[in-house]
Amino acid sequence: MNVEADFEVRNFERDVIDASRSMPVLVDFWAPWCGPCRTLGPVLEKLVGETDEWKLVKVHTDQHPEVSSRYGIRGIPAVKLFVDGEVADEFTGALPEYAVRQWLEKALPSETKQMTEEAEAAIEEGHASQAETLLEAVLERDPSNAKAAVLLARLIVFEDADRAVELVAGSSFAGPSFMHIEEAVRTVARLVELDLDDLPDGEAAAAYADGVKALRRLDFEAALEHFIDVIQRDRYYDDDGARKACVALFALLGNDHPAVKAYRRRFDMALY
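Residues numbered from 1 in each chain as written. Predicted model: local features only at pLDDT ≥ 70, side-chain atom pairs only at ≥ 80, totals over all residues. Heavy atoms only, no water.

Here we come to the packing of helix α12 (residues 220-233) against helix α13 (residues 241-253). For the pair α12 and α13, interaxial distance at closest approach is 8 Å and the crossing angle is 150°. Taken together, the axis directions place α12 and α13 in an arrangement best described as roughly antiparallel. Between α12 and α13 lies a crossing of left-handed hand. Only A242, R243, A245, C246, L249, F250 and L253 of α13 make contact with α12, whose side of the interface consists of F220, A223, L224, F227, I228, V230 and I231. In terms of residue class, the contact of α12 with α13 is made up of 13 nonpolar, no polar and one charged. (Axes fitted to C-alpha atoms, helices over the stretch in contact; angles between N-to-C directions. Helix = DSSP H or I, 4+ residues; strand = E, 2+ residues; numbered from the N terminus. Parallel < 35°, antiparallel > 145°, perpendicular 65-115°, else oblique. Left-handed = near helix turned anticlockwise from the far one by under 90°. Contact = heavy atoms within 4.5 Å. Nonpolar A, V, L, I, M, F, W, Y, C, P; charged D, E, K, R; others polar.)

Structure representation (structure tokens):
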């Protein structure tokens, strides 16, 4: 059986552009003389056989030079995902199966992805309750959604530190841009649960304890005030804990939060 023939494009406008308005279409630009194409092709065919959420179309670049030119194909294999008639994402080269799966998870549109994006926008606009509701719904439908998990952890860490830490356990799958949120959640969770009697002695001990207490009662301006005081007194008290606390609060609260606006410059000045 000629496997490629099952997926080979016949009419690009109909098979790809028009079809992508009702379902995402993954286009594999390939040629039989291309070794990496012969490696990637079976991977794509296997993956499309596991789902009905997208379709696969192959474009033989030697037979369809006009389509290849239209989409700027310079090297093959080249894979482009079409959604609503436009290229939504792409990659070049023969990725291994696990990498293609990760790419598809990121690239394919879905209802939960849209809800997560709406929640992220709500967080930036200061609508935390709306965002939390959306993210809980996303995780109920898709418990493995790492981006939704880390965003929810950011929202709940001050009230439910244990769950927040559990949520960020797999946050590396959310992408490198969320790594600072994971670290911030772990930092705040530690402070929320810290036994103040275990703090080391030192000139900065009282101010550090006051910062932790202010953090626990969600008085972020007071917390930053005390932590900056600690930095000025003893920068490395509690393993540089005051600096880490300030960085965590800035990450979790966001640049537009009044406390961040009021204290970021003072923090920078205290460091240098």
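Before going further, it helps to spend a moment on the state of the cysteines. Counted by the stated rule, this structure contains one disulfide. Linked covalently through their sulfurs, C34 and C37 form a disulfide whose S-S length is 2.4 Å. Here the S-S torsion is close to 80°, and the disulfide linking C34 with C37 is therefore right-handed. (Disulfide = S-S within 2.5 Å.)

Looking at where V247 falls in the secondary structure, it is placed in helix α13. Overall, V247 belongs to the partly exposed group, its relative accessible area being 37%. Distance in space between the C-alpha atoms of V247 and V260 is 10.0 Å, their sequence separation being 13 residues. (Buried < 20%, exposed > 50% of the residue type's maximum accessible area, 1.4 Å probe, protein only.)

Moving on, we get to the side chain of K58. Within the secondary structure, K58 sits in strand β2 (residues 55-60). In this structure the side chain of K58 is engaged in a polar contact, spanning 3.4 Å, whose partner is the side chain of E45. (Polar contact = N/O pair within 3.5 Å; in protein donor to acceptor, adjacent residues only side chain to side chain.)

Let's shift gears to the pattern of salt bridges. In this structure the tally under the stated criterion is 22 salt bridges. A salt bridge links E97 to R101; the shortest N-O distance between them is 2.9 Å. Taken together, the positions of E97 and R101, both in helix α5 (residues 97-107) and four residues apart, correspond to about one turn of that helix. Note that E203 and R233 form a salt bridge whose closest N and O atoms lie 3.7 Å from each other. Linking E203 in the loop between α10 (179-193) and α11 (205-216) with R233 in helix α12, this pair joins segments that are 30 residues apart in sequence. Overall, E203 belongs to the exposed group, its relative accessible area being 57%. With a relative accessible area of 40%, R233 lands in the partly exposed category. Taken together, the shared-partner salt bridges in this structure form one network comprising K46, E50, E97 and R101. (Salt bridge = Lys/Arg side-chain N within 4 Å of Asp/Glu carboxyl O.)

This part covers the environment of A164. Assignment of secondary structure puts A164 in helix α9 (residues 161-167). Sequence separation of A164 and R266 is 102 residues, and the distance between their C-alpha atoms is 29 Å.

Moving on: the sheet that holds strand β3 (residues 78-83). Pairing is mixed in the open sheet, where four strands are placed in the order β2-β1-β3-β4. Bordering the open sheet on either side are β2 and β4 (86-92), each of which pairs with just one other strand. When strand polarity is set aside, the average angle formed by the axes of neighbouring strands in this sheet is 25°. Two elements, strand β1 (residues 25-30) and β2, share six bridges in a ladder whose sense is parallel. Note that in β2 the partner of L26 across the bridge is L56. Lying over the sheet, helix α3 (residues 35-48) contacts β1, β2, β3 and β4, oriented at roughly 160° with respect to β1. (Pairing = 2+ DSSP bridges.)

This prediction gives the protein chain a mean pLDDT of 92; 95% of its residues lie at or above 70. Ranking the elements of the protein chain by mean pLDDT puts helix α1 (residues 3-7) last with 62 and α11 first with 98. Within the model, the stretch residues 1-5 combines pLDDT values under 50 with six contacts to residues more than four positions away or in other chains. (pLDDT = per-residue confidence, 0-100.)

On to the nonpolar core. Ranked by size, the top nonpolar core spans 62 residues in total, and within it F158, Y208 and F227 carry the most contacts. When near neighbours in sequence (up to four residues on either side) are disregarded, F227 contacts L191, Y208, G211, V212, A242, A245 and C246. Formed by 20 residues, the second largest nonpolar core is a distinct cluster that contains W30, I73, I76 and F82. (Core = buried A, V, L, I, M, F, W, Y, C linked by side-chain atoms within 4.5 Å.)

Next up on the list: the layout of surface pockets. Reported here for the second largest pocket is a volume of approximately 570 Å³. Forming the walls of the second largest pocket are 29 residues, and the residues nearest its centre are I123, R154, L252, L253 and G254. The set of elements that each furnish at least two residues to the lining of the second largest pocket consists of α6 (111-124), α8 (146-156), α10 and α13. (1 Å grid on protein atoms, 1.4 Å probe; cavity = no way out; pocket = protein on both sides within 12 Å on 5 of 7 lines; lining within 4 Å. Points joined across faces, edges and corners; volume = space filled by probe spheres on them.)

To continue, consider the environment of D62. Inspection of the secondary structure puts D62 in the loop between β2 and α4 (65-70). Between the C-alpha atoms of D62 and F29, which are 33 residues apart in sequence, the distance is 9.8 Å. Once residues within four sequence positions are removed from consideration, D62 is found in contact with A31 and W33. For D62, the side chain forms a polar contact with the side chain of W33, separated by 2.7 Å.

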